[in-house]
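Structural overview
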Amino acid sequence: MLIDSHCHLETFAKRGDLETVLNEASLAGVNRMITVGTHLDDWDLYHQLSRQYPGKIYHSVGLHPCHVDETWADQVEQLQERLSRGDSAAPIAIGEIGLDYFHLPKKDDARREQLMELQQQAFEAQLQIARKTHLPIIIHSRNSFDACVRTIDMLGAPWDRIVFHCFSEGRDEIDRINLRGARGSFTGIVTYDNSSVKRVREALVEQGAERLMIETDCPYLTPEPHRGSENRPALLRHTFLAAASLLEVPVDELEALIARNTLSFFGIEP
């Protein structure tokens, strides 16, 4: 059983082909997935999908740094309302939250600084919510790894409940979060055969199998040999096989280990 620990099903649901995507995933052995909230507009949709597909689709709620603006506080307040519903399809994690300095304006220094401050405020507020609710935390970090680590340290968030999704750093960075108790989750990037992603593969090996989780981050980051087409949960197996090869672990053993890691981290019943 493969579990897609981080995907975005909004595109498929709104396009009307989610059922086809889920059937395709089941045929590929991907029977559970966590669709990850990024903004106010997808939280209710993902709650609905969790109710519609119990035991198959789980979801999180979070305000992605790229969606942070001057309205962030109102959105975070509404996030808390969704956490308080308490039904069987309640969110299982906070995320994805964090900092993204890659997509900031390149030519407007004042707006860049303003957005960095807003992202920081929204990140801290959501970490506080995660502390109070004791939910796992899904971190988005792009060109902001050091700042994310400093913020988590400063807020005293529980490192053992934290995953840096789509880990795209190297061995030193994975060691820094592993020593604190956190983990990285890996995408189809590990299937790419070029020097620029060698460090990501090295980070996966450095972390090892005991904490490993894998994800599609679909519809983005399609693994080889399908790179260039739209990603979907069924393609998780290519990332899994690449991880098994890099770690030199038998596929049956690694499949069971990743499933156990993922279910345990998110508090999902086997």
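Everything numeric here is computed off the predicted structure, so don't read it as measured data.

Notes on the sheet that holds strand β3 (residues 57-61)
Judged by pairing direction, the sheet is parallel, and its 8 strands sit side by side in the order β1-β2-β3-β4-β5-β6-β7-β8 without closing on themselves. With one partner strand each, in any of the chains shown, β1 (2-7) and β8 (213-214) form the two edges of the open sheet. Strands in contact with helix α5 (residues 109-133) are β4 (93-100) and β5 (137-142); relative to β4, the strand with the most contacts, it is inclined by about 155 degrees.

With respect to the pattern of salt bridges
Tallying each qualifying case throughout the model produces 13 salt bridges. For Glu 24, the salt bridge is made with Arg 232, and the minimal N-O distance between the two is 2.7 Å. Here Glu 24 is found in helix α2 (residues 18-27), whereas its partner Arg 232 is found in the loop between β8 and α9 (236-247), with 208 residues between them in sequence. A relative accessible area of 28% means that Glu 24 is categorised as partly exposed. Here Arg 82 ties to Asp 44 by a salt bridge, and the two come within 3.0 Å at their closest N and O atoms. One end of the pair, Arg 82, is in helix α4 (residues 72-83); the other, Asp 44, is in helix α3 (residues 40-52), and 38 residues separate them in sequence. For Arg 82, a relative accessible area of 10% translates into the label buried. Within the structure, one salt-bridge network assembled from shared partners comprises Arg 15, Asp 17 and Glu 230.

Here's the deal with α5
Because each turn of an α-helix spans 3.6 residues, side chains separated by three or four positions in sequence point in the same direction. In this model, α5 (25 residues) spans 36 Å end to end at C-alpha, consistent with the 36 Å of a helix rising 1.5 Å per residue. Where α5 is concerned, the buried positions are Leu 115, Leu 118, Gln 119, Gln 120, Ala 122, Phe 123, Gln 126, Leu 127, Ile 129 and Ala 130. Directly after α5, the chain includes His 134, whose backbone phi takes a positive value near 60 degrees.

So, the side chain of Glu 255
Take Glu 255: it is sitting in helix α10 (residues 251-266). Setting aside chain neighbours within four positions, we find Glu 255 in contact with Met 1, Leu 2, Arg 237 and Phe 240.

Description of the packing of aromatic side chains
The description of an aromatic ring pair rests on the distance of the ring centres and on the angle between the ring planes. Summed over the entire model, instances satisfying the criterion amount to 5 aromatic pairs. With a centroid separation of 6.4 Å and 90 degrees between ring planes, the pair formed by Phe 145 and Phe 167 is classed as edge-to-face. You can see Phe 145 sitting in helix α6 (residues 145-155) and its partner Phe 167 sitting in the loop between β6 (162-164) and α7 (171-180), a full 22 residues away along the chain. Phe 167 sits in the buried class, given a relative accessible area of 2%. Every member of this aromatic cluster is reached through a ring pair, and the members are Phe 145, Trp 159, Phe 164, Phe 167 and Phe 186. The ring of Phe 102 has Lys 106 lying over it, and the distance from NZ or CZ to the ring centre is 5.4 Å. It is Arg 227 that lies over the ring of Tyr 192; its NZ or CZ is 3.6 Å from the centre.

Focus on the environment of Ser 196
Looking at the secondary structure, you find Ser 196 in the loop between β7 (183-186) and α8 (198-207). For Ser 196, a relative accessible area of 55% translates into the label exposed. At 2.5 Å, the side chain of Ser 196 and the side chain of Asn 194 are in polar contact.

Observations concerning the nonpolar core
Formed by 75 residues in total, the largest nonpolar core has its most connected members in Phe 164 and Leu 254. Among the elements that make up this core, the one with the highest residue count is α5 (7 residues). Ignoring sequence-local partners within four residues, the contact set of Leu 254 consists of Ala 209, Leu 212, Phe 240, Ala 243, Ala 244, Leu 247 and Val 249. With 14 residues, the next largest nonpolar core counts Ile 34, Ile 92, Ala 93 and Met 213 among its residues.

Concerning empty space enclosed by the protein
Going through the model one piece at a time under the given rule, you end up with 1 cavity of 30 Å³ or more. If you add up the space inside the largest cavity, you get close to 40 Å³. As for the largest cavity, its lining consists of Ser 141, Phe 145, Phe 164, His 165, Cys 166, Phe 167, Ser 168 and Glu 169. Looking at side-chain class alone, the lining of the largest cavity contains 4 nonpolar, 3 polar and 1 charged residues.

As for unusual backbone geometry
For the bond from Gly 95 to Glu 96, the omega torsion is 10 degrees, close enough to zero to count as cis. Among the structural elements, Glu 96 can be located in strand β4. Here the bond from Glu 224 into Pro 225 is cis, since omega is 10 degrees, no more than 30 degrees from zero. Even without being a glycine, Asp 217 presents a positive backbone phi close to 55 degrees. Within the secondary structure, Asp 217 sits in the loop between β8 and α9. A relative accessible area of 8% means that Asp 217 is categorised as buried. One non-glycine residue, Leu 221, lies in the positive phi region at around 55 degrees. Position of Leu 221 among the secondary structure elements: in the loop between β8 and α9.

Cut-offs and rules
Residues numbered from 1 in each chain as written. Predicted model: local features only at pLDDT ≥ 70, side-chain atom pairs only at ≥ 80, totals over all residues. Heavy atoms only, no water. Pairing = 2+ DSSP bridges. Helix = DSSP H or I, 4+ residues; strand = E, 2+ residues; numbered from the N terminus. Contact = heavy atoms within 4.5 Å. Axes fitted to C-alpha atoms, helices over the stretch in contact; angles between N-to-C directions. Salt bridge = Lys/Arg side-chain N within 4 Å of Asp/Glu carboxyl O. Buried < 20%, exposed > 50% of the residue type's maximum accessible area, 1.4 Å probe, protein only. Expected span 1.5 Å × (residues − 1). Phe/Tyr/Trp six-rings, centres within 6.5 Å; stacked < 30°, edge-to-face > 60°. Lys NZ or Arg CZ within 6 Å of the ring centre and 35° of its normal. Polar contact = N/O pair within 3.5 Å; in protein donor to acceptor, adjacent residues only side chain to side chain. Core = buried A, V, L, I, M, F, W, Y, C linked by side-chain atoms within 4.5 Å. 1 Å grid on protein atoms, 1.4 Å probe; cavity = no way out; pocket = protein on both sides within 12 Å on 5 of 7 lines; lining within 4 Å. Points joined across faces, edges and corners; volume = space filled by probe spheres on them. Nonpolar A, V, L, I, M, F, W, Y, C, P; charged D, E, K, R; others polar.

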